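The residues making up each chain are set out below.
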Amino acid sequence: MEKSCGLGCVFGKLACPRLPEHSQQQVTLCLGATVEKMTLDMAGTCLSALFPDVVNCMQTDNLELKKLVYLYLMNYAKSQPDMAIMAVNTFVKDCEDPNPLIRALAVRTMGCIRVDKITEYLCEPLRKCLKDEDPYVRKTAAVCVAKLHDINAQLVEDQGFLDTLKDLISDSNPMVVANAVAALSEIAESHPSSNLLDLNPQSINKLLTALNECTEWGQIFILDCLANYMPKDDREAQSICERVTPRLSHANSAVVLSAVKVLMKFMEMLSKDLDYYGTLLKKLAPPLVTLLSAEPELQYVALRNINLIVQKRPEILKHEMKVFFVKYNDPIYVKLEKLDIMIRLASQANIAQVLAELKEYATEVDVDFVRKAVRAIGRCAIKVEQSAERCVSTLLDLIQTKVNYVVQEAIVVIKDIFRKYPNKYESVIATLCENLDSLDEPEARAAMIWIVGEYAERIDNADELLESFLEGFHDESTQVQLQLLTAIVKLFLKKPTETQELVQQVLSLATQDSDNPDLRDRGYIYWRLLSTDPVAAKEVVLAEKPLISEETDLIEPTLLDELICYIGTLASVYHKPPSAFVEGSRGVVHKSLPPRTAPSGVQAAEQPAVIPTQGDLLGDLLNLDLVCPRARTPLSPSASSSSSSPLPCGAPHNPLPCPLQMGGGGTFAPAPSTAVPATLGAPLSSGLGDLFDLTGGVGTLSGSYVAPKTVWLPAMKAKGLEISGTFSRQVGSISMDLVLTNKALQVMSDFAIQFNRNSFGLAPAAPLQVHAPLAPNQSVEISLPLNTVGSVMKMDPLNNLQVAVKNNIDVFYFSTLYPLHILFVEDGKMERQMFLATWKDIANENEAQFQIKDCSLNADAVSSKLQGSNIFTIAKRNVEGQDMLYQSLKLTNGIWVLAELRIQPSNPSFTVRVFPPPSWVHVG
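Residues numbered from 1 in each chain as written. Predicted model: local features only at pLDDT ≥ 70, side-chain atom pairs only at ≥ 80, totals over all residues. Heavy atoms only, no water.

**Concerning the pattern of salt bridges**
Right, so step 1: Across all of its chains, the model carries 28 salt bridges by this definition.
Right, so step 2: In this structure, Arg127 engages Glu124 in a salt bridge whose closest nitrogen and oxygen atoms are separated by 3.0 Å. Residue Arg127 and its partner Glu124 are located together in helix α8 (residues 116-130), separated by 3 residues, close to a single helical turn.
Right, so step 3: Using a relative accessible area of 24% as the deciding quantity, one classes Arg127 as partly exposed.
Right, so step 4: For Glu124, a relative accessible area of 44% translates into the label partly exposed.
Right, so step 5: Across the pair Asp860 and Lys876 runs a salt bridge whose closest N-O atoms are separated by 3.1 Å. (Salt bridge = Lys/Arg side-chain N within 4 Å of Asp/Glu carboxyl O. Helix = DSSP H or I, 4+ residues; strand = E, 2+ residues; numbered from the N terminus. Buried < 20%, exposed > 50% of the residue type's maximum accessible area, 1.4 Å probe, protein only.)

**Notes on the nonpolar core**
Right, so step 1: Ranked by size, the top nonpolar core spans 193 residues in total, and within it Leu126, Leu207, Leu358 and Phe418 carry the most contacts.
Right, so step 2: Excluding anything up to four places from it in sequence, Phe418 contacts Tyr425, Glu426, Val428, Ile429, Leu432, Trp450, Ile451 and Tyr455.
Right, so step 3: Formed by 50 residues, the second largest nonpolar core is a distinct cluster that contains Phe751, Phe755, Leu774 and Phe824. (Core = buried A, V, L, I, M, F, W, Y, C linked by side-chain atoms within 4.5 Å. Contact = heavy atoms within 4.5 Å.)

**Some words on the packing of aromatic side chains**
Right, so step 1: The tally for this structure, following the rule as stated, stands at 10 aromatic pairs.
Right, so step 2: When the ring of Tyr574 is compared with that of Phe581, the centres are 4.8 Å apart and the planes differ by 90°; the resulting orientation is edge-to-face.
Right, so step 3: Through pairs of rings, three or more aromatic residues link up here, namely Trp712, Phe727, Phe760, Phe814 and Tyr818.
Right, so step 4: Positioned over the ring face of Phe369 is Lys335, at 5.2 Å from the centre of the ring. (Phe/Tyr/Trp six-rings, centres within 6.5 Å; stacked < 30°, edge-to-face > 60°. Lys NZ or Arg CZ within 6 Å of the ring centre and 35° of its normal.)

**What to know about the sheet that holds strand β5 (residues 752-755)**
Right, so step 1: Spatially, the 3 strands line up as an open sheet ordered β5-β8-β9, and their pairing is antiparallel. Strands with a single pairing partner mark the edges of an open sheet, and in this sheet they are β5 and β9 (811-817). Going from strand to strand, the sheet's axes swing by 25° on average, the running direction of each strand aside.
Right, so step 2: When strand β8 (residues 800-806) meets β9, the two strands line up antiparallel, connected through 7 bridges. The partner of Lys806 across the bridge, within β9, is Val811. (Pairing = 2+ DSSP bridges. Axes fitted to C-alpha atoms, helices over the stretch in contact; angles between N-to-C directions.)

**Topic: the pairing of strand β11 (residues 872-879)**
Right, so step 1: Summarising the sheet, β11 and strand β12 (residues 882-890) pair through 7 bridges and their orientation is antiparallel. Each residue of the ladder has a partner; that of Val879, found in β12, is Gln882.
Right, so step 2: Hairpin connection of β11 to β12: 2 residues between the antiparallel strands, including Glu880 at a positive phi of 50°.

**Some thoughts on a negative patch on the surface**
Right, so step 1: A cluster of like negative charges, contributed by Glu464, Glu467, Glu471 and Glu501, occupies part of the molecular surface.
Right, so step 2: Counting through the fold element by element, Glu501 comes out in helix α28 (residues 500-511). (Patch = residues over 30% accessible without salt bridge, like charges linked within 9 Å, V, L, I, M, F, W, Y side chains within 5 Å. Areas by Shrake-Rupley, 256 points an atom, 1.4 Å probe, with all protein chains shown as cover. Lys, Arg positive; Asp, Glu negative; His and termini not counted. Charge placed at Lys NZ, Arg CZ, Asp CG, Glu CD.)

**Things to note about the environment of Leu866**
Right, so step 1: Note on placement: Leu866 falls in helix α35 (residues 859-868).
Right, so step 2: Between the C-alpha atom of Leu866 and that of Ser704, which follows or precedes it by 162 residues, the distance is 8.5 Å.

**With respect to unusual backbone geometry**
Right, so step 1: Following Asp796, the chain continues to Pro797 via a peptide bond in cis, the omega torsion being 0°.
Right, so step 2: Relative to the helices and strands, Pro797 is located in the loop between β7 (779-787) and β8.
Right, so step 3: Of note, Asn423 is a non-glycine position whose phi angle comes to about 60°, a positive value.
Right, so step 4: As for its placement among the helices and strands, Asn423 is situated in the loop between α23 (404-420) and α24 (429-434).
Right, so step 5: Relative accessible area serves as the criterion here: at 56%, Asn423 is assigned to the exposed category.

**Observations concerning helix α14 (residues 216-227)**
Right, so step 1: Between the first and last C-alpha of α14 there are 17 Å, a value that for 12 residues agrees with the 16 Å anticipated at 1.5 Å per step.
Right, so step 2: Inspection of α14 places Gly218, Gln219, Ile220, Ile222, Leu223, Cys225, Leu226 and Ala227 among the buried residues, and these make up the whole buried set.
Right, so step 3: On its buried face, α14 sits against α12 (174-190), α13 (201-211), α15 (234-244) and α16 (253-266). (Expected span 1.5 Å × (residues − 1).)

**What about the sheet that holds strand β4 (residues 733-742)?**
Right, so step 1: On the basis of which strands lie adjacent, the open sheet formed by 5 strands has the order β2-β3-β4-β7-β6 and antiparallel pairing. Each having just a single partner strand, β2 (710-713) and β6 (763-764) make up the two edges of the open sheet.

**Looking at the packing of α13 against α14**
Right, so step 1: The geometry of α13 relative to α14 is characterised by a closest axis approach of 10 Å and an angle of 150° between their N-to-C directions. With respect to each other, α13 and α14 are oriented roughly antiparallel. When you trace α13 past α14, the crossing you get is left-handed. Residue-level inspection shows Ile204, Leu207, Leu208, Ala210 and Leu211 of α13 in contact with α14, the latter providing Gln219, Ile222, Leu223, Cys225 and Leu226.
Right, so step 2: For the contact of α13 with α14, the per-class residue count stands at 9 nonpolar, 1 polar and no charged. (Parallel < 35°, antiparallel > 145°, perpendicular 65-115°, else oblique. Left-handed = near helix turned anticlockwise from the far one by under 90°. Nonpolar A, V, L, I, M, F, W, Y, C, P; charged D, E, K, R; others polar.)

**A word on helix α21 (residues 367-383)**
Right, so step 1: Across its 17 residues, α21 extends 24 Å between first and last C-alpha, which sits within 8% of the 24 Å expected from 1.5 Å per residue.
Right, so step 2: Every buried residue belonging to α21 is among Phe369, Val370, Arg371, Ala373, Val374, Ala376, Ile377, Gly378, Cys380, Ala381, Ile382 and Lys383, and all of these are buried.
Right, so step 3: Those residues of α21 that are buried lie in contact with α19 (332-345), α20 (351-361), α22 (388-399) and α23.
Right, so step 4: One side-chain oxygen of the residue at the start of α21 lies 3.2 Å from the amide nitrogen of Asp368, identifying that residue as Asp366. (Polar contact = N/O pair within 3.5 Å; in protein donor to acceptor, adjacent residues only side chain to side chain.)

**So, the side chain of Glu409**
Right, so step 1: Mapped onto the secondary structure, Glu409 falls in helix α23.
Right, so step 2: In this structure, Glu409 is in contact with Arg371, Val374, Arg375 and Glu441, ignoring residues within four places of it in sequence.

**Some details on the confidence of the model for the protein**
Right, so step 1: Per-residue confidence for the protein averages 78 on the pLDDT scale, and 77% of its residues sit at or above 70.
Right, so step 2: Overall, residues 1-21 carries pLDDT values under 50, and its contacts beyond four positions in sequence, including any with other chains, amount to 28 contacts.
Right, so step 3: The model gives residues 600-702 a pLDDT under 50, and that stretch makes 253 contacts with residues more than four places away or in other chains. (pLDDT = per-residue confidence, 0-100.)

**Description of the environment of Glu847**
Right, so step 1: The topology assignment puts Glu847 in the loop between α34 (832-841) and β10 (848-853).
Right, so step 2: For Glu847 and Val914, which are 67 residues apart along the polypeptide, the C-alpha to C-alpha distance reads 5.8 Å.

Quick look at the structure:
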């Protein structure tokens, strides 16, 4: 038995000190073999039976042996929780060992053993280690707090470990600072609502000081933390950038990308006129270029990040085109990514270089790469107009090679060039028609059919060409069938006498012999158009087409800004926000770039800024367009706020709900007063009569007016999803009342909604609950509760709300205008004495005056209706036959507005005077 080398034998004898032949070295070797087997899990061997014997080894003073024992315990403690308690006393004792390595090892191991019974014994040793004199122990304990929080978050909060962790940010040792930041960041990710990393200029300065001295991974933690900070002005942003810039020369690519992320975010706050801005752009280019000299996998990650950077700031790498030229030994995934970036950087200055490269690539042997290169030539033609002729010539040269897939890709991109530059390069059509027989891919066939139909009047045998496609109509793909149907109808409208039989044939094939609903519906539409009104058919089918955009594959700006905040992470490689690929919503925080600010002392004009004072907000509120429509006409989607994109500048809009359009029949025009802003015009609809126009709306429990639902997002702009809605306020709660209608042919599910930052912080108070999948032609009504605790940014107009709605198909964007009366709170009745004192202090220049005509309600009825929308009458008096109502209202953000309403019983015209308080402060 003594000579056996079995593991159980060794550990069994270790418990007996009377067997001296087993030295510590032998035990260490055997325990090392145990850990090796445990790690490799050879043949599924379970070594948990050795647990008691291994625990007996914990009392050793040999550091190497103790590490092996602790490693074993971390692996098997969960399977032996009752026996793991045996190790607690040794852990506690080791946490007070004179050797800092043993103290750190003990607290690290206790944090990794995920057993509830041990967790409660960890608190006191951890508290001591967090304040240990040795920085190595403190930095290990900081990480242990995050591990303990993952096991029992409530215990960590109750024991005050989070406060201790925050104190470690001010530690004198940079590695302790880095680990404290890492631990707090990890905890904050699992609890997005908590404000654990409450950064300020003082703590930022400490982090920047530690940045220069900690390890590379510590630098990454600190840089990621800095990226979440919002500088108070451009000077602070510049100061941080100056201290982060040296990290760009670091050898670790992760440190470089984290530094780039910080600089890209804070550059948003710097004026482009600053000399430092130009210097920073020049400093960003070399490190990004250097990343491309790494191994292919790192190159790909770098290229995906560079793709985002180039879309946001192409000027950074505009002089570095050559580094993106493809090398012969690049893997295909690197080649394709380089090609994409080359197109984004293409300009008039470098287009000759780019075209020469692309033409060379088009002769490569890799088919996918050649196709992408040919398409890239077409994109260059569309992006750089001066190069279009050279690009077309290059494409014709490629067509002459007669390589099948090259010819087909060339025809596809030439179709796009025709769309971009109509009536300019049609002379090449004859060359294209010569290659008609070689086309076998649906996209190329559809492109050629489009060209023949679009330019049928210039092609003598256009009918013969289209008829050749018609012979195998049922064997073609849907894309080709739809294009062929439209092309033949175009040909008929251009040459009606020669193609009657052809159009009859294709319409019959599409409507009678096809079971494809899209094809059949389009066929019926064309048939009815041609048979009832050929002139209208010509206007529809041969209408002038909009020019195609230069860049069709750019990432949507809001998403791009979010992805810039995730540079150096998986999100920047996938080009998707974390919420798109991280299961569940826990730990996913939506980020955005800071608003651009002007240099200190200069008023910003480029972007709406976060509202700094209530004075600015109320000033804009009083300058809103307060004119009501003379006739209640329905709004078209293009003229209303029902749009899937932000409203264009100058579009008519629906600001403050006008309290005083009586019964829907009154008119509202500015009174002849110098106090009326000069910008007030007569928009199509302002909705200021809505509070009184109860005939068209819906009453609520509090009597507040609810406007009828209007279409906010048409189905044609959202792949079949139509969204209608309105806003309401009921007993102090704000709601967005939605109707979701599925006008597509597929089931819709997985709905979610998000608001952009807005003037009053409106945000969803709960997820968008659609309890069952939305089938085609089905509608569902949803009342989405809102609150006003979201992020605030001044919008133009002030009540503009930008919304994103996601489902299983895509993400859709639209903007709408909410009526401001939903923000009038129930405690908006100011005390009489306070009202009188505030009223006296208001200067005349702060007045905004308006007149309402053709109103038939008396003073009591007006007061009652307004009170239903939380506009309260403070006092009423009669002066020279006129009823004077003095009123107050309070917005959700605490801003008060005072008003005077003059009503003359014999005159159906009212006068409204609106005043802000003199000091723009919270009154009461």
